[in-house]
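# Structure assessment
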Amino acid sequence: MRDLRVGTELLVLTWLDRARRDVLAVHPRGDANRPETGVFSTRSPHRPNPIGLHRVRVLTVDGLRVEVTDLEALDGSPILDVKPVLGAADER
């Protein structure tokens, strides 16, 4: 966390711990009017290996606490890893 700066773009990998692991097809966005689609062609959290990938930007850093934008995860979702975005303007 020591090298994080406001504005840095990161990839955050989360474990979607409340997702079902037995789902192989879904209606995109939960809309039953849309045809069922293979889960790997959607952004559904329900998948055999529910790892979330989120591209975020750092808003604030306060010790070990980091506030970011655009994180699509529920409060309490376990974070597996944090990676810098390669090719980002602030890459060293």
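I will try to describe carefully the structure that is included in this document. The numbers attached to residues start from 1 for each chain and follow its sequence in the written order. Owing to the predicted nature of the model, reporting of local features is limited to residues with pLDDT of at least 70; listing and counting of side-chain atom pairs is limited to 80 or more, with chain, interface and lining totals taken over all residues. Values shown for side chains rest on all heavy atoms present in the structure; no hydrogens or waters enter the calculation.

## So, the pairing of strand β1 (residues 9-15)
Residues of β1 alternate between two faces, with Leu-10, Val-12 and Thr-14 buried on one and Glu-9, Leu-11, Leu-13 and Trp-15 left unburied on the opposite face. By the convention used here, strands pair only if DSSP detects at least 2 bridges between them. Runs of H or I in DSSP of at least four residues are treated as helices and runs of E of at least two as strands, each being numbered from the N terminus. Relative to strand β4 (residues 51-62), β1 is paired through seven bridges, and the arrangement is antiparallel. Within β4, the position partnered with Glu-9 by the bridge is Arg-57. Bridge count between β1 and strand β6 (residues 79-84): five bridges; the pairing is antiparallel. By the bridge assignment for β6, Val-12 is matched with Val-82. Accessibility here uses a 1.4 Å probe with only protein chains present; expressed as a share of the type maximum, an area under 20% marks a residue as buried, one over 50% as exposed, and anything in between as partly exposed.

## Points about the sheet that holds β4
Sheet architecture is open: four strands sit in the order β5-β4-β1-β6, paired in antiparallel fashion. Strand pairing shows two members of the sheet lacking a second neighbour, β5 (65-69) and β6, which therefore form its edges. Averaged over all pairs of adjacent strands, the angle between strand axes in this sheet comes to 45 degrees, irrespective of strand direction. Between N-to-C directions, angles cover 0 to 180 degrees, with each direction set by a line fitted to C-alpha atoms, over the stretch in contact for helices.

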